[in-house]
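Below are the chains, spelled out letter by letter.
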Amino acid sequence: MDLAARAVAAGIYLTVQDVTKRFGRFVALDRVSLDIREGEFVSFLGPSGCGKTTLLRAIAGLDPPSEGRIVQAGRDITHLPPGERDFGIVFQSYALFPNLDMRANIGYGLRGPAWPRAKAAARVEQLIAMVGLEEHARKYPAQLSGGQQQRVALARALANHPGLLLLDEPLSALDATVRARLRTEIRALQKALGVTTIMVTHDQEEALSVSDRIVVMREGRIEQIGTPEEVYRRPASAFVAGFVGRTGSFRAEVEHPHAATPRLRAGPVSLAATAAASLSPGEAARAFIRPEDVRLGDDALGHEGAFQAVVTGVEFLGPVCRVHLLAEGVALEAELPSGDIGKLGLGHTARLWVAVPAERIMTYPDA
Amino acid sequence: MPDGGAFHPRVSDEQRLMKLALGGAATFLLLGLILPLGWLFARAFQDASGGFVGFANFAEYVATPSLAVSAWNSLWTAALTTLLVVPAAFTYAYALTRSRMPGKPVFRAVMLLPVLAPSLLPALALVYLFGNQGMLRGLLMGESLYGPIGIIMAQVFYCFPHAALILCVALSGADGRLYEAAAALKAGRGRIFLTVTLPGARGGLISAAVVVFTLVVTDFGIPKVIGGQFPVLATEVYKQVVGQQNFNMGAVVGLVLLLPAVGAFLLDQWARRRQGGFLSGRAVPLEPKPRPARDLPLLGFCTLVAALLLLVVGLAAWGSFIRFWPWNLSLTLDNYDFNRFDSAGWGSLWTSVRMAAMAALIGTALIFVVAWMFERGRVAGPLPRVVGFATAIPLAVPGLVLGLAYILFFNDPWNPLGFLYGTLAILVLNSLVHFYTVCHLAAVTAIRQLDPEFEAVSASLKVPLWVTFTRVTLPICLPAILEIFVYLFVNAMATVSAVIFLYGPDTKPASVAVVHMEEAGQISAAAAMAVAILMVNVALKALHLAMAGRVERWTQAWRLR
Ligand SMILES: Nc1ncnc2c1ncn2[C@@H]1O[C@H](COP(=O)(O)OP(=O)(O)O)[C@@H](O)[C@H]1O
Ligand SMILES: [Mg+2]
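Residues numbered from 1 in each chain as written. Chains lettered and ligands numbered in written order. Predicted model: local features only at pLDDT ≥ 70, side-chain atom pairs only at ≥ 80, totals over all residues. Heavy atoms only, no water.

For the overall build of chain A, give the residues involved together with the corresponding values.
Looking only at helices and strands, chain A has eleven helices and 20 strands in total. Based on the C-alpha atoms only, the size of chain A along its principal axes is roughly 75 × 50 × 35 Å. Looking at the 367 residues of chain A, the share that counts as buried comes to 54%. The contacts of chain A with a sequence gap of at least 6 include a subset with a gap of at least 24, amounting to 65%. With the model as given, the accessible surface of chain A reaches about 15600 Å², and the carbon-plus-sulfur share is 52%. (Helix = DSSP H or I, 4+ residues; strand = E, 2+ residues; numbered from the N terminus. Buried < 20%, exposed > 50% of the residue type's maximum accessible area, 1.4 Å probe, protein only. Contact = heavy atoms within 4.5 Å. Areas by Shrake-Rupley, 256 points an atom, 1.4 Å probe, with all protein chains shown as cover.)

Have a look at this one:
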């Protein structure tokens with residue numbers, strides 16, 4: 001059975017296989033492979049310049065790959081020009097046609113024999129209602145707010161019932177509150193329509209909150225593919241651990257990896273860390289700890305291997321506070337409800353007990 | 001790899017068509033620009049019968065005193081004109097862009113007047129004033145107008161608007177925040193001028209100087225009318241080719257003429273690269289505040305300059321209605337009865353109008369479509385780079401040199417395109433190619449203001465490229481397209497040097513008729529024809545301005561917030 005047929009049988013809608021993209025000598029994508037299931041919402045996440053847009057454009061056929069294969073719905077589309085593929089796209093700039101009003105923008109692709117005038121007009125009204133812009137239909141893009149423009153671009157991309165929706169940093173031009181609202185709207189719409197969707201973003205919170213799966217990229221390669229939970233809780237590499245979610249990190253040395261409770265030593269501090277089992281004795285390691293996993297005060301005293309640390313700073317973040325700690329040269333961050341600050345008596349230079357559950361310390365060989 | 005080796009993305013029919021069309025554009029530029037220039041180059045190394053003689057022609061050139069002198073004359077008159085024009089144009093442009101002096105639209109309109117006229121017009125006006133029968137002849141204190149004095153005075157008038165236009169653009173692109181920052185740092189006005197204004201306009205100043213220098217070195221009309229016995233490169237080429245039929249020496253002088261132009265062009269390119277990134281995309285436009293101590297002196301200066309420009313144009317116009325300068329100053333229309341002075345009569349004006357209209361129509365369509373394909377076609381391979389390179393060349397090639405290249409190339413017996421010689425078609429082709437670069441740059445600038453993803457969006461919506469081109473690109477760019485049309489028309493009407501070698505018995509343009517009538521001593525008739533050219537251009541420009549408002553309302557409504 002060939003790749004395409006096998007993919008369809010497994011419910012896979014889009015397959016990217018060993019895709020490489022070079023710009024001259026520069027390798028922007030290096031043998032990237034991934035599968036996306038029908039109806040899935042997948043985010044490409046990574047720092048700026050890691051090749052997310054390049055991969056998206058390769059899938060769209062706008063910048064064809066230098067090597068590799070791309071199969072969509074059982075059809076090898078690697079060599080097809082964009083016009084012969086089946087996708088809708090929203091660009092970072094939205095690329096709305098400024099001289100056409102909102103209706104004309106949304107209905108731009110509804111032409112030809114498949115879309116007689118009346119049918120196209122009805123579809124446009126349906127889309128306008130779908131994105132909730134009924135009062136603004138006569139306006140030009142320049143007269144709409146950023147969030148409204150974004151919705152017009154989304155409606156335009158969805159007008160022709162594409163099988164695949166591509167979003168390139170669709171929210172990055174908006175301010176924080178609009179962004180948070182729109183991302184849940186996009187996700188709800190995607191679920192309702194069941195359209196397979198790929199969203200490019202460099203914002204890990206955005207990716208975590210809306211995706212079925214996240215593809216974490218770095219320098220043209222895929223670091224990890226997984227659900228938000230997997231990527232957050234079980235990062236495949238030190239890079240992913242550091243990039244996704246907030247973490248404190250420190251260098252350490254592996255002790256007794258094969259004991260019942262393997263340990264990490266950082267200066268005078270020694271911590272039990274289950275994940276260190278996979279490393280060899282004496283190996284240099286880098287440990288990552290999520291702020292919410294750090295236990296403080298009385299909570300910490302109950303734990304085996306609790307140690308003392310000094311508070312070096314407290315950041316007030318509204319519902320929670322972030323506490324910066326230093327224990328014999330090891331810097332840690334902890335997060336706790338703002339109300340607990342007074343209870344623990346956490347002033348600057350206060351000393352208190354700290355502990356981290358052994359299974360919550362993420363450990364990787366130090367590069 | 002699955003398909004074992006070669007990796008060929010499939011190309012859509014649109015892409016194939018685009019590639020074909022861009023190939024057509026490259027062929028056009030090859031035939032209309034590269035081959036003629038190459039042939040000019042080749043002829044400089046041949047003798048009259050076509051045999052290769054190496055550098056013999058160049059040796060003869062250097063050994064001929066009159067030719068070497070003409071090169072030196074061209075250089076120093078151009079340098080002196082540049083020194084006079086650029087500071088004045090800078091002040092004028094500064095007043096238009098950075099002051100709150102009243103009457104700016106009027107000053108702007110007056111500034112543009114000489115652009116619409118042939119370069120001969122100020123020269124003719126100066127003849128009325130300072131010529132052998134001039135009313136102000138005494139002011140020259142015995143010196144003759146015919147020579148460097150006349151050339152420089154006329155060139156200053158002719159070049160002023162070109163420099164002022166460039167400097168207006170350079171000065172209007174200021175970032176208001178830089179000035180606020182400088183003021184917040186308590187910098188004085190003089191210091192702000194030296195550290196913010198001048199560096200910001202440096203690119204524009206270099207460009208203006210380069211343009212003026214090149215215009216003077218390569219202009220043919222003014223030295224022809226007012227140069228007297230003072231030889232310059234441009235008149236020397238004409239003498240070699242038309243007077244002595246020495247095409248090889250003409251080619252050598254043409255190449256020499258190309259040197260300062262190419263040098264200036266490279267200097268300008270270098271300055272532009274260095275200028276890059278001074279203005280950020282988020283610049284806040286500068287709003288000058290009223291300040292009488294600055295605005296009043298600038299108003300005085302601009303009034304003086306505008307008055308001089310109007311005086312020169314008005315004098316030529318008045319002179320064209322005078323019965324017999326300076327003895328009989330009664331008014332008459334006789335000078336406009338061109339049949340009395342020139343066999344072509346009014347026909348030459350009609351020839352010019354047809355030539356200009358065709359160059360503008362064909363040129364605007366061609367240049368805009370090529371610029372769009374160049375910017376947005378995403379054609380693979382070396383073709384876009386070839387076209388990009390070729391479109392930049394005309395700016396560095398003086399009209400006279402291009403005309404010379406055309407006469408050598410199209411008039412050569414072996415050339416199958418020889419039938420074009422002497423026809424209206426070759427005049428149109430020559431004008432179009434000569435003014436190509438400026439129009440191409442204007443088109444590219446307009447197209448670059450469009451979101452780069454429009455074509456990608458169309459493809460994803462399965463809308464053919466040409467639909468997006470006509471529904472979105474064209475309407476948004478219409479103001480720029482009209483500008484290009486007017487630019488091509490006006491310049492084709494006024495140009496002398498680009499067409500002086502190329503007209504045939506039935507296709508003499510009006511600007512050439514001006515030269516001929518002046519040569520025959522019929523100054524008033526020459527002035528009348530020059531004024532007629534100016535009037536056609538003024539009429540078109542007025543029509544453009546009247547239409548621009550309407551077009552704006554019709555195609556640019558979306559710009560309103
Ligand atoms: N057309 C191009 N030519 C050369 N280099 C490019 C081109 N497009 C992208 N790159 C380079 O490829 C890398 C990945 O770019 P991109 O996919 O846009 O990153 P991002 O992950 O921020 O979307 C960057 O280093 C970028 O400079
Ligand atoms: Mg990107």
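For a nonpolar patch on the surface, give the residues involved together with the corresponding values.
Judged by side-chain polarity, Met135, Leu136, Leu139, Trp318, Phe321, Leu329, Leu331 and Leu333 of chain B come together as a nonpolar surface patch covering roughly 780 Å² of accessible area. With respect to the element layout, tryptophan 318 of chain B can be found in helix H12 (residues 292–320). (Patch = residues over 30% accessible without salt bridge, like charges linked within 9 Å, V, L, I, M, F, W, Y side chains within 5 Å. Salt bridge = Lys/Arg side-chain N within 4 Å of Asp/Glu carboxyl O.)

Can you tell me about the sheet that holds strand S15 (residues 295–296) of chain A, naming the residues and giving the values?
Within the open sheet, the five strands sit side by side as S15-S19-S16-S17-S18 (chain A). Their pairing is antiparallel. The open sheet has two free edges, formed respectively by S15 and strand S18 (330–337) of chain A, since each of these has just one partner strand. (Pairing = 2+ DSSP bridges.)

Go over the pattern of salt bridges with me, naming the residues and quoting the values.
Residue and element names in this part refer to chain A. Taken as a whole and judged by the stated rule, the model has 36 salt bridges over all chains. Note that arginine 22 and glutamate 67 form a salt bridge whose closest N and O atoms lie 2.7 Å from each other. On the criterion of sequence distance, the pair formed by arginine 22 in strand S1 (residues 12–23) and glutamate 67 in strand S4 (residues 67–72) is long-range, its members being 45 residues apart. In this structure arginine 22 comes out as partly exposed when scored by relative accessible area, which is 35%.

Residues and numbers for the domain arrangement of chain B, please.
All names here are of chain B. Taken as a whole, chain B is organised into domain 1 (1–32 + 336–556) and domain 2 (54–319). On a C-alpha basis, the centres of domain 1 and domain 2 stand 24 Å from each other. Opposite the 32 residues of domain 1 that make contact, domain 2 presents 32 residues. Taking both partners together, domain 1 and domain 2 bury about 2800 Å²; carbon and sulfur atoms supply 81% of that area. Together, Ala396, Leu400 and Leu534 form the three largest contributors to the area buried by domain 1 at its contact with domain 2, with a combined 18%. Where domain 1 packs against domain 2, one counts one salt bridge. Its salt-bridge partner being lysine 224, residue glutamate 519 comes within 2.5 Å of it at the nearest N-O pair. Between domain 1 and domain 2 we count three residue pairs in polar contact (both at pLDDT 80 or more) in total. (Domains from an automatic or database assignment. Buried area = accessible area lost by both parts, 1.4 Å probe. Polar contact = N/O pair within 3.5 Å; in protein donor to acceptor, adjacent residues only side chain to side chain.)

Would you mind going over the UniProt feature "domain: ABC transmembrane type-1" (unreviewed entry) in chain B in detail, with residue names and values included?
Taking the numbering used here, the UniProt-annotated feature "domain: ABC transmembrane type-1" (unreviewed entry) corresponds to residues 71–268 and 349–544 of chain B. Overall, residues 349–544 of chain B shows 73% helix and 0% strand. The separation of its end C-alpha atoms is 20 Å. (UniProt positions renumbered as here; feature names shortened; annotations may be inferred.)

Give me the lowdown on the site of ligand 1, citing residues and values where you can.
Residue and element names in this part refer to chain A. Around ligand 1, the neighbouring residues are Phe23, Phe26, Ala28, Ser48, Gly49, Cys50, Gly51, Lys52, Thr53 and Thr54. The backbone of glycine 49 places a nitrogen or oxygen atom 2.6 Å from an oxygen atom of ligand 1. Starting from 560 Å² of accessible surface for ligand 1 in isolation, the protein chains cover 57%. Where the shell around ligand 1 is concerned, the elements lending two or more residues are strand S2 (26–37) and helix H2 (52–60). Ranked by residue count, the leading element in the shell around ligand 1 is H2, at three residues. Classifying every residue of the shell around ligand 1 by side-chain character gives four nonpolar, five polar and one charged. (Near = heavy atom within 4 Å. Nonpolar A, V, L, I, M, F, W, Y, C, P; charged D, E, K, R; others polar.)

Describe the interface of chain A and chain B, listing the residues and the values that go with them.
Contact residues are listed per partner, giving 37 residues for chain A and 31 residues for chain B. For the pair chain A and chain B, the summed buried surface comes to about 3100 Å²; carbon and sulfur atoms form 60% of the total. The largest contributions to the chain A side of the interface with chain B come from His79, Asn99 and Tyr108 of chain A, which together make up 22% of the buried area. Here chain A is connected to chain B by two salt bridges. Aspartate 63 of chain A is paired through a salt bridge with arginine 378 of chain B; the nearest N and O atoms lie 2.6 Å apart. Residue contributions to the side of chain A that touches chain B peak at three residues, all from S4 of chain A.

An account of the sheet that holds strand S20 (residues 362–365) of chain A is requested, with residue identities and associated values reported.
Residues and elements named next belong to chain A. Strand order across the open sheet formed by five strands is S13-S12-S11-S14-S20, with antiparallel pairing between neighbours. Each edge of the sheet is formed by a strand with only one pairing partner; in this case those strands are strand S13 (269–272) and S20. Strand-to-strand twist across the sheet, computed as the mean angle between neighbouring axes with direction ignored, equals 40 degrees. Where strand S11 (residues 248–255) lies against strand S12 (residues 263–266), three bridges are found, and the strand directions are antiparallel. Residue pairing in the sheet places valine 254 in a bridge with leucine 264 of S12. (Axes fitted to C-alpha atoms, helices over the stretch in contact; angles between N-to-C directions.)

Quick one: what's the story with the nonpolar core, residue by residue and with numbers?
In terms of nonpolar packing, the biggest core is built from 211 residues, with Phe44 and Ile59 of chain A together with Phe501 of chain B touching the most fellow members. Per element, the largest residue contribution to this core is 14 residues, and it comes from helix H19 (residues 465–494) of chain B. Looking at which domains feed residues into this core, each of domain 1 (1–32 + 336–556) and domain 2 (54–319) of chain B supplies at least three. Phenylalanine 44 of chain A has contacts with Leu34, Lys52, Leu55, Leu56, Ile59, Ile198, Met199, Val200, Thr201, Val215 and Met217 of chain A, leaving out every residue within four places of it along the chain. (Core = buried A, V, L, I, M, F, W, Y, C linked by side-chain atoms within 4.5 Å.)

Tell me about unusual backbone geometry, and please be specific about residues and values.
All names here are of chain B. The backbone of glutamine 245 shows a phi angle near 55 degrees, a positive value even though the residue is not glycine. Within the fold, glutamine 245 resides in the loop between helix H10 (233–243) and helix H11 (247–275). Located in the positive-phi region is lysine 462, a residue other than glycine, with phi close to 60 degrees. Secondary-structure assignment places lysine 462 in the loop between helix H18 (454–460) and H19. A residue is classified by how much of its surface remains accessible, and lysine 462, at 42% relative accessible area, is partly exposed.

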